[in-house]
Number of protein chains: 2
Amino acid sequence: MQLALDAARRAALAGEVPVGAVVTDAAGAVLAMAANQVEAGQNPTSHAEFLALSAARAARGSKYLADCTLTVTLEPCAFCAGAIAALRVGKLVFGAYDPKTGAVEHGPRLFTQATTHHKPEVIGGVREQESAALLREFFETRRDA
Amino acid sequence: MQLALDAARRAALAGEVPVGAVVTDAAGAVLAMAANQVEAGQNPTSHAEFLALSAARAARGSKYLADCTLTVTLEPCAFCAGAIAALRVGKLVFGAYDPKTGAVEHGPRLFTQATTHHKPEVIGGVREQESAALLREFFETRRDA
């Protein structure tokens with residue numbers, strides 16, 4: 001989670017909503033790391049989770065990431081949760097809960113749906129305060145600007 | 001839908017699950033077209049819808065596709081429905097319903113969720129029989145192989 005938080009901090013400095021994500025393998029080795037890049041590419045699907053998962057899959061050259069853990073500072077949205085299911089990610093660890101757009105513990109609760117054919121192990125709220133504080137400070141600064 | 005069906009047929013010939021997608025603008029001009037490419041790239045997120053939307057967004061150079069229509073031969077999954085919401089696609093037209101993995105009229109019914117902040121106009125079942133027949137024939141052929 002430290003690496004994900006660091007990536008989120010770098011995102012904030014670049015004017016991006018501070019969300020960072022890391023993919024590690026079963027041995028804990030980092031396969032990929034990414035920050036939110038929505039503004040940089042003017043691409044609303046360039047979420048940290050999706051970028052990190054895509055890079056990890058490419059690095060592996062394999063179809064699935066079943067033995068991998070995705071660690072991300074914010075509860076994933078439906079798009080990213082869908083990617084987690086499609087790529088059969090073994091474990092999801094996230095920081096802050098996201099009642100507005102989250103799709104794991106909120107809204108569609110995607111991994112509770114019978115139509116979601118892969119459900120990762122999920123651990124939410126890891127370093128929740130730090131993850132949430134980053135987002136809060138980012139939006140406060142923007143409101144003041 | 002004819003172009004989407006043609007793309008789906010080409011996908012089947014290439015050994016891919018036959019799903020095709022087209023993005024058109026408000027004037028009906030084709031911005032992008034794609035077929036499912038999961039096997040080609042060994043990438044379970046290379047769905048026709050996501051590929052077509054990504055290409056259309058890139059072609060446009062804009063963040064959103066609010067005036068665009070995504071036409072796809074199969075009801076989108078959660079990942080693709082999440083991308084549709086993120087990219088604020090104006091209208092979704094799909095062919096076959098997908099009770100197994102669909103996320104629009106089945107499972108999470110993503111566009112009915114309060115946490116989904118953009119909901120496109122949705123028209124399902126357009127040339128449903130042809131779209132479904134393509135998929136059925138593809139899986140029958142593979143079972144027999």
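Look a little higher up for the structure.
Since we're looking at a predicted model, the values are computed, not measured. (Residues numbered from 1 in each chain as written. Chains lettered and ligands numbered in written order. Predicted model: local features only at pLDDT ≥ 70, side-chain atom pairs only at ≥ 80, totals over all residues. Heavy atoms only, no water.)

(A) Spotlight on the pattern of salt bridges. Residue and element names in this part refer to chain B. Inspection of the entire model under this criterion finds eight salt bridges over all chains. Linking Glu130 and Arg127 is a salt bridge whose minimum nitrogen-to-oxygen distance equals 2.7 Å. According to the relative accessible area criterion, Glu130 is partly exposed, its value standing at 33%. (Salt bridge = Lys/Arg side-chain N within 4 Å of Asp/Glu carboxyl O. Buried < 20%, exposed > 50% of the residue type's maximum accessible area, 1.4 Å probe, protein only.)

(B) Examining the relation of the copies chain A and chain B more closely. The two copies are related by a screw motion: chain A maps onto chain B through a turn of 180° and a shift of 0.0 Å along the axis, at an RMSD of 0.0 Å. Interpreted geometrically, this transformation is the action of a two-fold axis. Identified as the residue of chain A closest to the rotation axis by C-alpha distance is A:Phe79, at 2.2 Å. Taken as a fraction of all interface residues of chain A, those also at the interface in chain B reach 100%, which identifies the copy contact as same-surface. (Least-squares fit on C-alpha atoms with pLDDT ≥ 70 in both. Contact = heavy atoms within 4.5 Å.)

(C) Up close: a nonpolar patch on the surface. Residues and elements named next belong to chain A. On the surface, Leu3, Val30 and Met33 cluster together into a nonpolar patch covering about 230 Å² of accessible area. As for its position among the elements, Val30 is in strand β2 (residues 30-35). By relative accessible area, which is 41% here, Val30 ends up partly exposed. (Patch = residues over 30% accessible without salt bridge, like charges linked within 9 Å, V, L, I, M, F, W, Y side chains within 5 Å. Areas by Shrake-Rupley, 256 points an atom, 1.4 Å probe, with all protein chains shown as cover. Helix = DSSP H or I, 4+ residues; strand = E, 2+ residues; numbered from the N terminus.)

(D) Main features of the side chain of B:His118. Residue and element names in this part refer to chain B. Its location among the elements puts His118 in the loop between β4 (91-96) and β5 (121-123). Of the residues examined, His118 reaches a relative accessible area of 19% and is grouped as buried. A distance of 2.7 Å separates a polar atom in the side chain of His118 from the backbone oxygen of Val89. If we ignore the near neighbours within four places in the chain, the residues touching His118 are Ile84, Ala85, Arg88, Val89, Gly90 and Phe111. (Polar contact = N/O pair within 3.5 Å; in protein donor to acceptor, adjacent residues only side chain to side chain.)

(E) View of the sheet that holds β4(B). All names here are of chain B. Strand order in the open sheet formed by five strands is β2-β1-β3-β4-β5, and the pairing between neighbours is mixed. Each having just a single partner strand, β2 (30-35) and β5 make up the two edges of the open sheet. Between one strand and the next, the sheet's axes are offset by a mean angle of 15°, whatever the strand orientation. The sheet contact formed by β4 and β5 spans three bridges and is parallel. Directly across from Lys91, in β5, lies its bridge partner Glu121. (Pairing = 2+ DSSP bridges. Axes fitted to C-alpha atoms, helices over the stretch in contact; angles between N-to-C directions.)

(F) Main features of the pairing of β4(B). Burial runs high along β4(B): five of the six residues are buried. Chirality of the crossover, the property in question, places the unit of strand β3 (residues 69-74) of chain B, helix α3 (residues 78-86) of chain B and β4(B) among those that are right-handed. (Right-handed = clockwise from strand over helix to strand, strands pointing away.)

(G) Summary view of helix α1 (residues 2-13) of chain A. Compared with an ideal rise of 1.5 Å per residue, which puts 12 residues at 16 Å, α1(A) spans 17 Å between its outermost C-alpha atoms and is within 8% of the ideal. Lining the buried residues of α1(A) we find β1 (20-24), β2, β3 (69-74) and α4 (128-144) of chain A. (Expected span 1.5 Å × (residues − 1).)

(H) Inspection of the packing of aromatic side chains at higher detail. Here the structure, examined in full by the defined rule, presents 10 aromatic pairs over all chains. Note on B:Phe138 and B:Phe139: the rings are 5.3 Å apart at their centroids and 80° apart in plane angle, and the pair reads as edge-to-face. Members of the aromatic cluster, joined through ring pairs, are A:Phe50, A:Phe79, B:Phe50 and B:Phe79. Lying across the ring of A:Tyr64, A:Arg88 places its NZ or CZ 3.8 Å from the centre. (Phe/Tyr/Trp six-rings, centres within 6.5 Å; stacked < 30°, edge-to-face > 60°. Lys NZ or Arg CZ within 6 Å of the ring centre and 35° of its normal.)

(I) Structural context of the sheet that holds β3(A). Residues and elements named next belong to chain A. Read from one edge to the other, the open sheet built from five strands follows the order β2-β1-β3-β4-β5, with strand pairing classed as mixed. At either margin of the open sheet sits one strand with a lone partner, and together these are β2 and β5 (121-123). Strand-to-strand twist in this sheet, taken as the mean axis angle between neighbours without regard to direction, amounts to 15°.

(J) Region of the structure containing helix α3 (residues 78-86) of chain A. Most of α3(A) sits out of view: eight of its nine residues are buried. When α3(A) is considered as a whole, its buried residues turn out to be A:Ala78, A:Phe79, A:Cys80, A:Ala81, A:Gly82, A:Ala83, A:Ile84 and A:Ala85. Considering only its buried residues, α3(A) is in contact with α2 (48-60), β3 and β4 (91-96) of chain A together with α2 (48-60) and α3 of chain B. One or two positions beyond α3(A), positive phi appears at A:Arg88, with a value near 50°.

(K) Seen up close, the interface of chain A and chain B. With 28 residues of chain A in contact, the opposing surface of chain B contributes 28 residues. For the pair chain A and chain B, the interface holds two salt bridges. Between the two partners, chain A and chain B, sit 11 residue pairs in polar contact (both at pLDDT 80 or more). Within the residue set of the side of chain A that touches chain B, elements represented by two or more residues are α2 and α3 of chain A. Looking at the side of chain A that touches chain B element by element, the count peaks at five residues for α3(A). A class-by-class count of the residues in the side of chain A that touches chain B yields 12 nonpolar, 12 polar and four charged. (Nonpolar A, V, L, I, M, F, W, Y, C, P; charged D, E, K, R; others polar.)

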